[in-house]
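# Reading the structure
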Amino acid sequence: QVQLVQSGGGLVQTGGSLTLSCAASGRRFASATLGWFRQGPGAEREFVATVNWVAGLTDYRDSVKGRFTIASDNDKDTAYLQMINLKPENTAVYYCGIVWPEYTDLYYHESEYSLWGQGVQVTVSS
């Protein structure tokens, strides 16, 4: 059974940094497309970042470009979302999603992902 297990998150002050982890078990993820999404209080889940390692492609929502970076340790089947210069509006529950697509594409909609992590809370205080 394939699972995604997330870790990281927590409480930081404005301008601080956090790194979220997303570990896959049961299937290698080097050929997958992985996405990070978030859901703030009273809001819908929204796209944050996506990566396809086979194609060497990444993309981010505009508001996090230059501050968030996707990294990975393929030997451990673990992806990371490195976040710097955090702002209060980044407060949300962050989720990683994964799909093994037929084509090496990036995906921007949560419906395109087949498996999700449990989510972790990120709180940025002002």
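Residues numbered from 1 in each chain as written. Predicted model: local features only at pLDDT ≥ 70, side-chain atom pairs only at ≥ 80, totals over all residues. Heavy atoms only, no water.

### Describing the state of the cysteines
Rule in force here: By convention in this document, the label disulfide applies to cysteine sulfur atom pairs within 2.5 Å. What counts as a helix is a DSSP run of H or I of at least four residues, what counts as a strand is a run of E of at least two, and both are numbered from the N terminus. Only protein chains enter the accessibility calculation, which uses a 1.4 Å probe; a residue whose area is less than 20% of its type maximum is buried, one above 50% is exposed, and one in between is partly exposed.
Under the defined criterion, the tally for this structure stands at one disulfide. For C22, the disulfide goes to C96, at an S-S distance of 2.1 Å. Given an S-S torsion of about 80°, the disulfide between C22 and C96 has right-handed geometry. Taken together, the residues span a long stretch of sequence, with C22 in strand 3 (residues 18-25) and C96 in strand 9 (residues 92-99) at a distance of 74 residues. The pair C22 / C96 is uniform in exposure class, with both members buried.

### Describing unusual backbone geometry
For D77, which is not glycine, the phi torsion reads 50° and is therefore positive. By the element assignment, D77 lies in the loop between strand 7 (68-73) and strand 8 (78-83). On the basis of relative accessibility, which here comes to 9%, the residue D77 falls in the buried class. In this structure, N85 is a non-glycine residue whose phi angle is positive, near 50°. For N85, the location among the structural elements is in the loop between strand 8 and strand 9.

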